[in-house]
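Chain by chain, the residues:
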Amino acid sequence: MGGASLPPKEANLFKLIVKSYETKQYKKGLKAADAILKKFPDHGETLSMKGLTLNCMDRKSEAYELVRLGLKNDLKSHVCWHVYGLLYRSDREYREAIKCYRNALKIDPDNIEILRDLSLLQAQMRDLAGFVETRQQLLTLKPNHRMNWIGFAVAHHLNFNGSKAVDILEAYEGTLEDDYPPDNERSEHGEMLLYKISMLEECGLFQRALEELRDKESKIIDKLSCKEQEVSLLEKLGHFDEAEESYRILLSMNPDNYRYYEGLQRCMQLYSENGQYSSEDIYRLEALYESMSKQYSRSSAVKRIPLDFLSGEKFRVAAGNYIRPFLTKGVPSLFSDLSPLYDHPGKADILEQLILELEHSITTTGGYPGRADKEPPSTLMWILFYLALHYDRRGQHELALRKIDEAIEHTPTVIDLYSVKSRILKHSGDLAAAAALADEARCMDLADRYVNSECVKRMLQADQVVLAEKTAVLFTKDGEQHNNLHDMQCMWYELAAGESYLRQSDLGRALKKFLGVEKHYADITEDQFDFHSYCLRKMTLRTYVEMLKFQDRLHSHSYFRKAAAGAIKCYLRLYDSPSKSSAEEDEEMSRLPASHKKKLRQKQRKAEARAKKEAEVKEESNVTAVSKSGKRNMKPVDMDPHGEKLLQVEDPLMEATKYLKLLQKHSSDSFETHLLSFEVNMRKQKILLALQALKHMMRLDADSSETHRCLIKFFHKVGSLPAPVTDTEKLIWGVLEAERPSFSQLHGKSLLDANNLFLEAHQDSLRHRTAVAEMMILMEPSKKSEAVNLIEESSNGLVSSNGALGPVRNWRLKDCIEVHEFLRRNLDDHDAASRWKVRCAEYFPYSTYFEGIHSSAVRSSASHQIHKIPENGGINSSISGPHAFSVPSNGNVEKLQALKNLAIH
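This is a predicted model, so every value here is computed, not measured.

The rules behind these values
- Residues numbered from 1 in each chain as written.
- Predicted model: local features only at pLDDT ≥ 70, side-chain atom pairs only at ≥ 80, totals over all residues.
- Heavy atoms only, no water.
- Helix = DSSP H or I, 4+ residues; strand = E, 2+ residues; numbered from the N terminus.
- Buried < 20%, exposed > 50% of the residue type's maximum accessible area, 1.4 Å probe, protein only.
- Contact = heavy atoms within 4.5 Å.
- Areas by Shrake-Rupley, 256 points an atom, 1.4 Å probe, with all protein chains shown as cover.
- Expected span 1.5 Å × (residues − 1).
- Salt bridge = Lys/Arg side-chain N within 4 Å of Asp/Glu carboxyl O.
- Phe/Tyr/Trp six-rings, centres within 6.5 Å; stacked < 30°, edge-to-face > 60°.
- Core = buried A, V, L, I, M, F, W, Y, C linked by side-chain atoms within 4.5 Å.
- pLDDT = per-residue confidence, 0-100.
- Axes fitted to C-alpha atoms, helices over the stretch in contact; angles between N-to-C directions.
- Parallel < 35°, antiparallel > 145°, perpendicular 65-115°, else oblique.
- Left-handed = near helix turned anticlockwise from the far one by under 90°.
- Nonpolar A, V, L, I, M, F, W, Y, C, P; charged D, E, K, R; others polar.

**Here we look at the overall build of the chain**
At step 1: Tallying secondary structure elements over the chain gives 48 helices and two strands in all.
At step 2: The buried share of the chain, taken over its 905 residues, is 47%.
At step 3: Counting contacts in the chain only where the partners sit at least 6 residues apart, residues at least 24 apart contribute 58% of the total.
At step 4: Of the roughly 46,000 Å² of accessible surface on the chain, a fraction of 52% belongs to carbon and sulfur atoms.

Here it is, written out as C-alpha cells:
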C-alpha cells in the first residue's frame, strides 16, 4: 500500500491504518487516518483508506464520498483505484470493481495484491480469458509460489484447455525436489495428482491417465478416490475384467453403495438404463446377487436391488424376504424404499397381496405364514402403516384412512401414524384436518424439528399462515424471529408461504416471499467468492471445479424455478388488475365532502409520522449496538415487511420479464417456463416471442390441454389483428403466415375444426374437455350452454394407470377444483357450478372445497350446533364421524390453545 509521499511519522501512521483495516481494528484505523488528515487534509490515499474503514463500519454513503474525494485528489495513485475497487467489490458491483483494478494496474502493472484481487473477480464473473492472463502474470512475477502454478493450471482448465493445464501441473512437479513436496503438504500433493488424472480423463487420454495413476499411486493419500478413479478409467478403456475386480474390492469396503453394484453390472454386461432385461440376463443377475448376499449378508442394498429386475413369483418371494425383517424392526421408511417399484407393471398388486397375507397371518396366528415364532405386537401396527401408505398411493383414500385408524387404535403413541394420516387427508382434500393432525403429531414431541416443519407445511397448505409462522419460529433464535427464517435460507417455508399468499390474492406478501428466495440464490452465487483463493490454497481442486460447475447451473434448481414462476404470476395478476393509481385516489378524494377530506389527510399524516418515528427508533437502536470492532450487531430494519412497496411497480410486465429471462436461460426444458413466456409476451403484444414460446410448448408436450389453449388463443388473437401497415408489421405477418402450416393441428383446418378434433382425441380427459369448452366460448361466446354441457357430460370412470396401480378414478381433485372455478368465475354460471360441486362432493367425500360428507368443513358445521370449536383446535374435538380418533392428551395442546386462538383471530 502507498503513503510514500508522506513524512516518516505520517507514513508510519498510514501503515497503521492499513494494518488496522486488515486486523479489523477499525476505530484504531480511523484515529490514525484523522491524525494524518489534520496535517494533510487533501492526502488522497489517506482519504481513500478512511473511506474503506468507514465502509466496514456500515457507513456506506460517507465511505463512497471519501473514496471519490481521495481519487479526485490523487488520480495517479494505484492505492486510490484499488480501494475504489474494493468498495465496489463489497457491494457486489463486480464489473465496476474490475474497471478500477485495471486502472490501478495501468499505474502499477506488477502489483501482486491487485493482480490477485483482479483474478478472484475474473473467476467470479467467469471472464475466463482474462483469468488466464492474470494468473499467468502472477506466475511470472512469483514462480516460486505453489498457489500461482495451481491457479494458472485451473485457469486453463476452466477455459476449456485441459491439456495445457496438465502440462502446467507437470512443470510444477518438475520444480519439486525428488518429485515430492515437504511432509506437511503430502495430502495436498495427492489431491493435485488426482486433479491432474481427472483432467487427463476429461481430455479423453484414458491410457495416459491410468499409467499416471499407477505410477503415482503411492503418493496419493486418499485411497478410496484413487480406487474409484482407477475403476472409472478401466471401464472407459474397456478393461472390464480388471474393472470388475476393482468394483468387488470397492464393495468389500462399502457393500451398501448402489453405484458400485451398478458399475459391477456394467462390467458384466448386465446393466440396462430402462430396467428391461432378457431372461438370460435375469438368470445371471440372480446368480450374481445370490452369491453377493452370502458374502454381504448384512447389506440391505444386495437384497433390495434384485426387486427391480425380478418379476412374478420370484419377485414375490424376494419381496417377502426383504419386507418381513423391516416390519418386525419397525422401519417407517420402508414404503419410500419400495415406492419406485409401483412404476413397474403388476408389482404394486403383488406387494398388496403380500402385505394383506402378512396382516391376515398375524391377526390369526400372531406370526408370519409358515413360521412358528410369534411376532412382537408392533409388527401388526407397521403392516397397517404400510397398507395405509399403499392405498394412499393408489388414490384409495377411504381404505387408507381405515387402515391408519386401525394402526392408531392399536398403538396411539406413535407420531409417524399421525403424520401419515395428515398426509392422506391432504391428498383427499381435507387440508384443515390435515393441518390439525400434523399439529397433534408435533405436540407429541416438541423437540422434533422435522415434525414441526411438516406441521408448518400442512398449515401453509391450509392457508393458516399466521399460525404456521408462530409454529415455525419455535425453532428459531430469540429476537428477530421472522427475519430468522429468511436468514436461515429456509426456502421451502418461503415458497409454501408465498404460494399460500398467492392463493389468498395477497400479492405484496407473496412477492416478498418469492423474491426472498431469489435473493438466497444471489447470496449463494456470492458465497463462492471466498473459495476462489481458499481452494487453490488448500488444493481441494476437484471439488472446487465441481462447485464452479454447480454454480453455473444454480438457477436451474427447482426452488429457484418455483420462486421465479411465483413472482411472474404475481406480476401478471398485478398487470391484469392493477391497484388504484394515485390519480384515481385523488379523483376519489375530490368527490368527498371537505370535512371528510381534512380528517382523512390528518389520519394519513399521523400514520406516516408514526411509521417514520418507529423506523428512526429502530435505526437508532441499531447505531447504539456497535461492537468494539466498529461492526453493528443488529441487522438493518426491514422497511417493507408486507411487500406493499413491491406492488408499486410502474411496469409489472418488465419486472416479470427479468425473472422470465433467467428461467428461459436455465430452465428451458421446463414446460411452465414457456407457458409463462407465452402469457407475458401475449400481454406485451410481442407476437413473435409468444409464437416462439408456443413452439417450445408443442415440442415439450403437444397433447397438453395448456398447449391447446395457447394455440387456439394465439391464432384467434392473430385473426383479430388489423391488416399490417408498417414494414415491421408486414414482416411479422409474413412470419405468421409461413409458420401456421408447421402446426399439424391447424394445417388446412379452421380453429373450430382444430378444437373439435382435439376433443375427439381426448374424450375421456376432464382437463382436455374443459380446455375445449373454454376455447369454444372464446371463439363463439353464444355457445355457453354447449360448453357447460361438454363439461357436465364428462364421466369419472375407473381407469388402470399403466397396469401398476390397478383401477382408480379418472378425475383428480385439483382438476375438479379448476373446473368449478372456471364455471363460477369465467362463465359466471352459478347453477352449473353448484351442480358440479354436488357431483364432486360424492367423488371426493373428504374434500373441504366441495364440502364432502366426511370433510372437516361439514363435521365442524355440524359440531358448531352443539358447541363452538376453535379453528385448527385440539383434534379430539374437531374431527369426528367415521374416521374419528382419540389421542391421550399430553397437555401440550391445552397449553398452546391460547396461542392458536390468538393467531387465528
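**What about helix H8 (residues 128-141)?**
Since the α-helix turns once every 3.6 residues, residues separated by three or four places project in the same direction.
At step 1: Here H8 is 14 residues long and its end C-alpha atoms lie 20 Å apart, about the 20 Å a rise of 1.5 Å per residue gives.
At step 2: Of the positions making up H8, those classed as buried are Leu128, Gly130, Phe131, Val132, Thr134, Arg135, Leu138 and Leu139.

**Quick notes on the environment of arginine 116**
At step 1: Mapped onto the elements, arginine 116 comes out in helix H7 (residues 112-125).
At step 2: Its relative accessible area of 35% is what places arginine 116 among the partly exposed residues.
At step 3: Each C-alpha atom of the pair arginine 116 and serine 533 lies 8.8 Å from the other, and the pair is 417 residues apart in sequence.

**Structural notes on the side chain of aspartate 117**
At step 1: Note on placement: aspartate 117 falls in helix H7.
At step 2: With relative accessibility at 14%, the residue aspartate 117 sits in the buried group.
At step 3: Other than its neighbours up to four places away in sequence, aspartate 117 contacts His82, Leu86, Arg89 and Tyr101.

**Observations concerning the pattern of salt bridges**
At step 1: Within this structure, the stated rule accounts for 53 salt bridges.
At step 2: For the salt bridge of aspartate 523 with arginine 92, the shortest nitrogen-to-oxygen distance reads 2.9 Å. Linking aspartate 523 in helix H30 (residues 507-527) with arginine 92 in the loop between helix H5 (78-90) and helix H6 (94-107), this pair joins segments that are 431 residues apart in sequence.
At step 3: Among the salt bridges present, the one from glutamate 244 reaches arginine 248, with a minimum N-O distance of 3.3 Å. Of this pair, glutamate 244 and arginine 248 are both found in helix H14 (residues 240-253), four residues apart, which corresponds to roughly one turn of the helix.
At step 4: Among the charged side chains, a network of salt bridges with common partners joins Glu170, Glu173, Lys196, Arg208, Glu212 and Lys216.

**Topic: the environment of alanine 761**
At step 1: Mapped onto the fold, alanine 761 is located in helix H41 (residues 751-761).
At step 2: Assessed through its relative accessible area of 57%, alanine 761 is described here as exposed.
At step 3: In this structure, the C-alpha to C-alpha distance between alanine 761 and aspartate 703, residues 58 residues apart in sequence, is 9.3 Å.

**Side note on the packing of aromatic side chains**
At step 1: Summed over all chains, the structure comprises 21 aromatic pairs.
At step 2: Note on phenylalanine 335 and tyrosine 386: the rings are 5.5 Å apart at their centroids and 65° apart in plane angle, and the pair reads as edge-to-face. With phenylalanine 335 in helix H20 (residues 334-338) and tyrosine 386 in helix H22 (residues 378-393), the pair connects residues that are 51 residues apart, well separated along the chain. A single burial state applies to phenylalanine 335 and to tyrosine 386, both of which are buried.
At step 3: Both rings, one in tyrosine 521 and one in phenylalanine 560, keep their centres 5.3 Å apart while their planes meet at 65°; by these two values the pair is edge-to-face. With a gap of 39 residues between them, tyrosine 521 in helix H30 and phenylalanine 560 in helix H33 (residues 558-576) connect regions that are remote in the sequence. Here tyrosine 521 matches phenylalanine 560 in class, with each residue buried.
At step 4: Through pairs of rings, three or more aromatic residues link up here, namely Tyr261, Tyr277, Tyr289 and Phe309.

**Re the nonpolar core**
For soluble globular proteins, the rule of thumb is that nonpolar side chains tend to be buried together.
At step 1: Counting 113 residues, the largest nonpolar core has Ile150, Tyr261, Ile323, Leu327, Leu338 and Leu351 as its most contacted members.
At step 2: Examining the composition of this core, we find that 11 residues originate from one element, H22, more than from any other.
At step 3: Apart from residues no more than four positions distant in its own chain, leucine 351 is found in contact with Phe315, Ala319, Ile323, Leu338, Leu341, Tyr342 and Tyr386.
At step 4: Residues Ala497, Phe514, Tyr659 and Leu660 belong to the second largest nonpolar core, which totals 46 residues.

**Here we look at the confidence of the model for the chain**
Should the pLDDT be low somewhere, the predicted coordinates at that spot are not to be read in detail.
At step 1: A residue-level look at the chain finds 86% of positions with pLDDT of 70 or above and a mean pLDDT of 83.
At step 2: Predicted confidence is poor over residues 864-905, with pLDDT under 50, and the contacts of this stretch with residues over four places away or in other chains come to 65 contacts.

**Here we look at the packing of H14 against helix H15 (residues 258-267)**
At step 1: Here H14 crosses H15 at 160°, and the two axes come no closer than 9 Å. As judged from the angle between their axes, H14 and H15 are roughly antiparallel. Where H14 crosses over H15, the two elements pack in a sense that is left-handed. Between H14, through Phe240, Ala243, Glu244, Tyr247, Arg248, Leu250 and Leu251, and H15, the contact on the second element is made entirely by Arg259, Tyr260, Tyr261, Gly263, Leu264, Arg266 and Cys267.
At step 2: Across the contact of H14 with H15, the residue classes tally to nine nonpolar, one polar and four charged.

**A few points about the packing of H41 against helix H42 (residues 766-779)**
At step 1: Running from N to C, H41 and H42 cross one another at 165°; their axes reach a closest spacing of 9 Å. Comparing their axes, H42 and H41 come out roughly antiparallel. Between H41 and H42 the crossing geometry is left-handed. Of H42, the residues touching H41 (which contributes Leu751, Leu752, Asn755, Phe758 and Leu759) are His768, Arg769, Val772, Met775, Met776 and Met779.
At step 2: Classifying every residue of the contact of H41 with H42 by side-chain character gives eight nonpolar, two polar and one charged.

**What to know about the environment of asparagine 159**
At step 1: Mapped onto the elements, asparagine 159 comes out in the loop between helix H9 (146-158) and helix H10 (162-174).
At step 2: When the C-alpha atoms of asparagine 159 and alanine 129 are compared, they prove to be 6.8 Å apart, with 30 residues separating the residues in sequence.
At step 3: Contact partners of asparagine 159, with chain neighbours within four places excluded, come to Leu128, Ala129 and Val132.

**Some thoughts on unusual backbone geometry**
At step 1: Phi at phenylalanine 160 is positive, roughly 60°, even though this residue is not glycine.
At step 2: Checked against the element boundaries, phenylalanine 160 lands in the loop between H9 and H10.
At step 3: What makes phenylalanine 160 exposed here is its relative accessible area of 75%.

**Some points on helix H45 (residues 830-843)**
At step 1: Helix length check: H45 (14 residues) gives 20 Å between terminal C-alpha atoms against 20 Å at 1.5 Å per residue, within 8%.
At step 2: Within H45, burial applies to Ala832, Ala833, Trp836, Cys840 and Ala841.
At step 3: Looking at the buried side of H45, the elements it contacts are H42, helix H43 (784-792) and helix H44 (813-826).

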